[in-house]
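Structural features, examined
The chain contents come next:
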Amino acid sequence: MNSKQMELNTVEVWDGNMANAQALRQAAVDVVAAYPITPSTATVENYASMHANGYVDGEVIMVESEHAAMSGCVGAGAAGGRVATATSSQGLALMIEVLYQASGMRIPVVLCLVNRALAAPLNVNGDHSDLYLTRDSGWVSLDSFSPQEAYDMTLMSFKISEHEKVRLPVISNQDGFMTSHTAQNVRPLSDEVAYNFIGDYKPLNAMLDFSKPVTHGVQTEHDWHFEHKAKQHAALMASKEVVKEVFKEFEKVSGRKYNIVESYGMEDAEVAIVCLGTTYESAILAVDKLKEEGIKAGVVAPRLFRPFPLVEIAQTLQNAKAVACMDRSAPGGTVGALYNEVAGALFNTSARPVLRNLIYGLGGRDMTINELCDIYRDLNKDAKAGKLTGKIQKLTGVRGPELSFYEL
């Protein structure tokens, strides 16, 4: 644990970046290698301030780029240290090469990814373009909907990443500005409880353990590459059970319950939205409003984005008649990533609801409760008709003529 203790109130007012920074401090990270980029800058800025004021015993390394930041984490992790960093958007795009190195080398790293649009055109506000960019990189990926959840997910990320059955890096996602810069009540654990929950770091195959020499970053080619990636994938798939286990352990020390798939109103829902991030909490309010109109609405959000909870998503949506998958990222010439995931989850089941793909909120554009209500009302028309009453994909909330695509 850190030598100088910080006094925390039972309830603190933190934004998502401060929540991240406090979680890193309580985890007693050995090395934070960082290059600042909006809107994640305050995660490492707050942490560096704690370091300067004696609340952090580890090292803060300011590097020349985001690529170097993740490279520094890989090096420090390979040497046997607990490591973390933060980034967003273009920074994530620059470090993406090294994300594959970290997961392929099975090095525990925690990345606080504050989700933001990818250029061009340049935009510093939140959407899920960078979250989706990580989806095939071999990292466990968790999603937060509020500063409280950002704190909780980042703390749990260390325990998941370092688990002997996982030993893979973990991303703790949150929406840029909507979570990262929005101050809310957060109930932190005490330093002692938080650190004991995570536990001491236990290095595995550390380069600096000269009694057991190891090689990192080897070349495999066709002889062994397939087997290596198969084993990595198997570990990633198995991490789902570890995530569930860690969620249960965290509930015991915090009183806060998390599920790998969060849902609201799905007990009798005929129409449902599937979304990520802060949209989930807005949709809850829309669901309550629509139930007063007699519309049986619900909302589903994958808390665990990787490994994708395919079976759990299918089970949660099994009684829905019409579903809108909401992708907060430019789809790039096809349906959105979340739509593809959900469609794949439902395809081999008896539940075959009408499925829409809505592209929304790009570059930080708001999605209001009234707009969500309108989406549910359109879904209700689909449910009653038993088929799509429009095209499969629609860009909702964009100015100008309607843009919709894919008609069967």
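Let me begin by describing the structure that accompanies this report. Remember, it's a predicted structure, so these values are computed and weren't measured experimentally. Counting restarts for each chain: residues are numbered from 1 in the order of the written sequence. Since the coordinates come from a predicted model, pLDDT governs what is reported: local features require at least 70, and pairs of side-chain atoms require 80 or more to be given and counted, while whole-chain, interface and lining totals use all residues. Side-chain metrics rest on all non-hydrogen atoms present in the structure, leaving aside hydrogens and water.

1. Brief notes about the overall build of the chain
- On a plain count of helices and strands, the chain comes out with twelve helices and 16 strands.
- A globule of 408 residues ought to have a C-alpha radius of gyration of about 22 Å, and the chain, at 21 Å, matches this closely.
- Across its three principal axes, the chain shows a C-alpha extent of roughly 70 × 55 × 40 Å.
- Classification of residues uses two cut-offs on accessible area relative to the type maximum, computed with a 1.4 Å probe and protein chains only: under 20% is buried, over 50% is exposed, and between them is partly exposed. The proportion of buried residues among the 408 residues of the chain is 56%.
- We call two residues in contact when some of their heavy atoms are within 4.5 Å. Contacts in the chain between residues far apart in sequence, at least 24 positions, make up 80% of those at least 6 positions apart.
- Surface accessibility follows the Shrake-Rupley procedure with a 1.4 Å probe radius. Residue values consider only the protein chains on display as shielding. Of the accessible surface of the chain, which amounts to about 17600 Å², a share of 51% is contributed by carbon and sulfur atoms.
- For the chain, the centre of its 37 positive side-chain charges and the centre of its 48 negative side-chain charges are spaced 6 Å apart. Per the convention used, a helix needs a DSSP run of H or I reaching at least four residues, while a strand needs a run of E reaching at least two, with both numbered from the N terminus. Only C-alpha atoms enter the radius of gyration, while the globule expectation follows 2.2 Å times N to the 0.38, with N the number of residues. Neither His nor the chain termini are counted; the positive set is Lys and Arg, and the negative set is Asp and Glu. To locate a charge, take NZ of a lysine, CZ of an arginine, CG of an aspartate or CD of a glutamate.

2. Quick notes on the sheet that holds strand 3 (residues 59-62)
- Strands are labelled as partners when DSSP assigns at least two bridges between them. Read from one edge of the open sheet, seven strands run 3-2-4-5-7-6-12, paired in mixed fashion. Looking at which strands have only one partner, the edges of the open sheet turn out to be strand 3 and strand 12 (304-306). Between one strand and the next, the sheet's axes are offset by a mean angle of 20°, whatever the strand orientation.
- Bridge count for strand 5 (residues 110-115) against strand 7 (residues 170-175) is six bridges, and the pairing is parallel. Looking at the pairing, Val110 lines up with Val170 of strand 7.
- Relative to strand 3, helix 2 (residues 41-52) is tilted by about 130°, and along the sheet it contacts strand 2 (31-34), strand 3, strand 4 (83-87) and strand 5. Helix axes use the C-alpha atoms of the stretch in contact, all axes being lines fitted to C-alpha atoms, and the angles between their N-to-C directions lie in the range 0 to 180 degrees.

3. Describing the packing of aromatic side chains
- Side-chain rings of Phe, Tyr and Trp (the six-membered ring for Trp) are treated as a pair once their centres are within 6.5 Å; stacked means planes under 30 degrees apart, edge-to-face means over 60, and tilted covers the remaining angles. Going through the model one piece at a time under the given rule, you end up with seven aromatic pairs.
- Measuring from ring centre to ring centre gives 6.1 Å for Phe247 and Tyr258, while their planes differ by 55°; the resulting arrangement is tilted. In this pair, Phe247 is assigned in helix 8 (residues 221-254) and Tyr258 in the loop between helix 8 and strand 9 (261-264), connecting sequence segments eleven residues apart. The pair formed by Phe247 and Tyr258 is uniform in burial state, with each residue classed as buried.

4. Observations regarding the packing of helix 1 (residues 16-26) against helix 2
- Following both chains from N to C, one finds helix 1 and helix 2 inclined at 45°, their axes separated by 8 Å at the closest point. Here helix 1 lies oblique to helix 2, going by the angle between them. For the pair helix 1 and helix 2, the sense of crossing is right-handed. Every residue of helix 2 that contacts helix 1 at Asn17, Met18, Asn20, Ala21, Gln22, Leu24 and Arg25 is listed here: Ala42, Thr43, Asn46, Tyr47 and Met50. Angle categories are assigned with fixed cut-offs, so that under 35 degrees is roughly parallel, over 145 is roughly antiparallel, 65 to 115 is roughly perpendicular, and the rest are oblique. Two helices crossing with the near one rotated counterclockwise from the far one by less than a right angle form a left-handed crossing, whereas a clockwise rotation gives a right-handed crossing.

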